[in-house]
Amino acid sequence: MMERNLINQLSTNALVNSKSSLYSKLRVTRAPDFYNEISLYHNDVKVSQNFYIGLSLAVSSSVFIGASFIIKKKGLLKISREGQIRAVAVGEGANFAAYAFAPATLVTPLGALSVLVSALLASKFLGERLNLLGKIGCLLCVLGSTVMVLHAPKEGSVATIEELGEESLQSGFVNYVIFVVVVSFLMISYCVPRYGNSNVIVHIVICSVIGSLSVMGCKGVGLALRETVAGTNKFTQWITWFCIFSVVICVTVQMNYLNKALDLFNTSVVTPIYYVFFTSFVIVASAILFREWGNMSAQDILGTISGFLIIICAIFLLNGFKDWDINLASVNSFLHRREGPPVMIHGETTNTTSLLFDSHSNSIYGDPRRTAQFSNFTPS
């Protein structure tokens, strides 16, 4: 009996030891996978936090920059110049910080929201009436920005200033810098003296291609500041100071030629064209340097491009037709135009209708009041 109990106890101990050994082996084999899953989860959370921080900064930047235009024109504060400077400084500071957290592919197109804010505040405080096309442009601007936020890349493959230094020496970005230098030199030396006063594209191309490099520099400085605040001094790296000097030089040249374009041409012409060129070159440069499009699916790429195109349409509607007096009543009047009486034109009798820009309307009807309902379509 004692021998049987001893045998049972030994077998029980052996079974317990084998189970504990198996559990320890399972823990050892599963531990790396478990910790990898935890690390990936924390990384995703950090990426998501940075994305929404950058998004918030970009939107707030557009609000302050858009408000600065209204402060300048209206003088909503007692000292309008100081108020404008504060608004611009806060807006540009928020925009600069946004590049440190969110991809340039997202931050730069959202600059269109400043045009939306400016248009809405001008309608509220300056008494500038926003016509029907302007309201459609505001709606499209919001829709396009929403589409871009949903589909834009959440991060690029470059997350540290050291990685930025390595990527900046790669052939792809070096070739892009050479392209910018060559295009800028040709435009400045050949095109500006000959076509600068007659073609708005000349100055805009210069400030757009050089401005794309300034954004890359801003994002590099933003990365250095973010890592420095986190506890690691990155201002000892050569790439940090290279980014700082490139930002100073590129922004100086960019603002010089942008101001020349604004002096020579109407703002409503310069603004939408500059937005298209500048944002397009920034997206290309960031895709090359930061590889922001590398992890995007085909659906997200298509969504990002679609959102950008929607914003372009919105900007053109907000700026290109802002001086036109078009409202819903005039559109209804045009759609339900009345048929005019039979008249003789070039020896033929015909029934004419009132057209939008009919240069013969007065001679046909003999009464200018018949066409007065369409006069508000003509640009002021």
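This text goes with the structure placed above it.
Definitions and cut-offs
Residues numbered from 1 in each chain as written. Predicted model: local features only at pLDDT ≥ 70, side-chain atom pairs only at ≥ 80, totals over all residues. Heavy atoms only, no water. Helix = DSSP H or I, 4+ residues; strand = E, 2+ residues; numbered from the N terminus. Buried < 20%, exposed > 50% of the residue type's maximum accessible area, 1.4 Å probe, protein only. Contact = heavy atoms within 4.5 Å. Areas by Shrake-Rupley, 256 points an atom, 1.4 Å probe, with all protein chains shown as cover. Axes fitted to C-alpha atoms, helices over the stretch in contact; angles between N-to-C directions. Parallel < 35°, antiparallel > 145°, perpendicular 65-115°, else oblique. Left-handed = near helix turned anticlockwise from the far one by under 90°. Nonpolar A, V, L, I, M, F, W, Y, C, P; charged D, E, K, R; others polar. Salt bridge = Lys/Arg side-chain N within 4 Å of Asp/Glu carboxyl O. Polar contact = N/O pair within 3.5 Å; in protein donor to acceptor, adjacent residues only side chain to side chain. Disulfide = S-S within 2.5 Å. Core = buried A, V, L, I, M, F, W, Y, C linked by side-chain atoms within 4.5 Å. Phe/Tyr/Trp six-rings, centres within 6.5 Å; stacked < 30°, edge-to-face > 60°. Lys NZ or Arg CZ within 6 Å of the ring centre and 35° of its normal. Patch = residues over 30% accessible without salt bridge, like charges linked within 9 Å, V, L, I, M, F, W, Y side chains within 5 Å.

### Observations regarding the overall build of the protein
Move 1: Looking only at helices and strands, one finds 13 helices and two strands in the protein.
Move 2: Within the span of the protein, comprising 380 residues, buried residues form 39% of the whole.
Move 3: Nonlocal contacts in the protein, meaning residues at least 24 apart in sequence, comprise 76% of its contacts between residues at least 6 apart.
Move 4: Accessible area for the protein stands at about 21700 Å²; split by element, carbon and sulfur atoms hold 64% of it.

### Overview of the packing of helix H8 (residues 200-229) against helix H9 (residues 238-264)
For any two helices packed against each other, the geometry comes down to the angle between their axes and how far apart the axes lie.
Move 1: It is the contact of H8 with H9, at a shortest axis distance of 7 Å, that shows an interaxial angle of 150°. Overall, the two elements H8 and H9 adopt an arrangement that is roughly antiparallel. Considering how the two elements wind past one another, H8 and H9 form a crossing that is left-handed.
Move 2: Split by residue class, the contact of H8 with H9 holds 17 nonpolar, eight polar and one charged.

### Thoughts on the pattern of salt bridges
Move 1: Under the defined criterion, the tally for this structure stands at three salt bridges.
Move 2: Between Arg-291 and Glu-167 there is a salt bridge, with the nearest N and O atoms lying 3.2 Å from each other. Within this pair, whereas Arg-291 is found in the loop between helix H10 (267-289) and helix H11 (298-320), its partner Glu-167 is found in helix H6 (residues 161-168), the two being separated by 124 residues in sequence.
Move 3: Sharing partners across several salt bridges, the network here consists of Glu-162, Glu-227 and Lys-234.

### Things to note about the side chain of Thr-240
Move 1: As for its position among the elements, Thr-240 is in helix H9.
Move 2: Exposure remark for Thr-240: the relative accessible area of 0% places this residue in the buried category.
Move 3: Setting aside residues up to four positions removed in sequence, Thr-240 forms contacts with Ile-161, Val-221, Ala-224, Lys-234 and Phe-235.

### Looking at the side chain of Lys-234
Move 1: Turning to its location among the elements, Lys-234 is positioned in the loop between H8 and H9.
Move 2: Among the residues examined, Lys-234 registers a relative accessible area of 9% and is labelled buried.
Move 3: Separated by 2.5 Å, the side chains of Lys-234 and Glu-162 make a polar contact.
Move 4: For Lys-234, the residues in contact, after removing those within four places along its chain, are Ile-161, Glu-162, Ala-224, Glu-227, Thr-228 and Thr-240.

### Topic: the state of the cysteines
Move 1: As enumerated under the stated definition, the model contains zero disulfides in all.
Move 2: Sulfur of Cys-138: no disulfide; nearest cysteine sulfur belongs to Cys-141 and is 7.3 Å away.
Move 3: Just so you know, Cys-218 is unpaired, no disulfide at all, and the nearest cysteine sulfur is the one on Cys-243, 9.2 Å from it.

### Brief notes about the nonpolar core
The tendency in soluble globular proteins is for nonpolar side chains to be buried side by side.
Move 1: Residues Leu-106, Leu-164, Met-216 and Val-270 are the most contacted members of the largest nonpolar core, which totals 72 residues.
Move 2: In terms of residues, this core owes the most to one element, H8, which gives 15 residues.
Move 3: When residues no more than four places from it in sequence are discounted, the contact partners of Val-270 are Val-200, Ile-204, Leu-258, Ala-261, Leu-262 and Phe-265.

### As for the packing of helix H4 (residues 113-125) against helix H5 (residues 132-151)
Move 1: One way to put it is that H4 packs onto H5 with a least axis distance of 10 Å and a crossing angle of 150°. Taken together, H4 and H5 sit at an angle that is classed as roughly antiparallel. In terms of crossing hand, the pair formed by H4 and H5 is left-handed. Here H4 contributes Leu-113, Leu-116 and Leu-120 to the contact with H5, which in turn contributes Cys-138, Cys-141, Val-142 and Ser-145.
Move 2: Within the contact of H4 with H5, the residues separate by chemical class into six nonpolar, one polar and no charged.

### A word on the environment of Glu-92
Move 1: Inspection of the secondary structure puts Glu-92 in helix H2 (residues 80-101).
Move 2: Sequence separation between Glu-92 and Ile-65 is 27 residues, and the spatial gap between their C-alpha atoms is 7.4 Å.

### A look at the packing of aromatic side chains
Move 1: Applying the stated criterion to the full structure yields six aromatic pairs.
Move 2: Ring centres of Tyr-274 and Phe-278 lie 5.4 Å apart, and the angle between their planes is 15°; this geometry places the pair in the stacked category. Note that Tyr-274 and Phe-278 are positioned in helix H10 at a spacing of four residues, about one turn of the helix.
Move 3: The class for Tyr-274 is buried, based on a relative accessible area of 15%.
Move 4: When its relative accessible area of 14% is taken as the criterion, Phe-278 is described as buried.
Move 5: The rings of Phe-173, Tyr-176 and Phe-179 are connected pair by pair, giving a single aromatic cluster.
Move 6: Across from the ring centre of Phe-290, 5.4 Å away, lies the NZ or CZ of Lys-219, which sits over that ring.

### Side note on a nonpolar patch on the surface
Move 1: A surface patch of nonpolar side chains, about 460 Å² in accessible area, is lined by Val-174, Ile-178, Val-182, Phe-185 and Leu-186.
Move 2: Positionally, Leu-186 belongs in helix H7 (residues 171-195).
Move 3: Here Leu-186 falls in the partly exposed class, since its relative accessible area comes to 46%.

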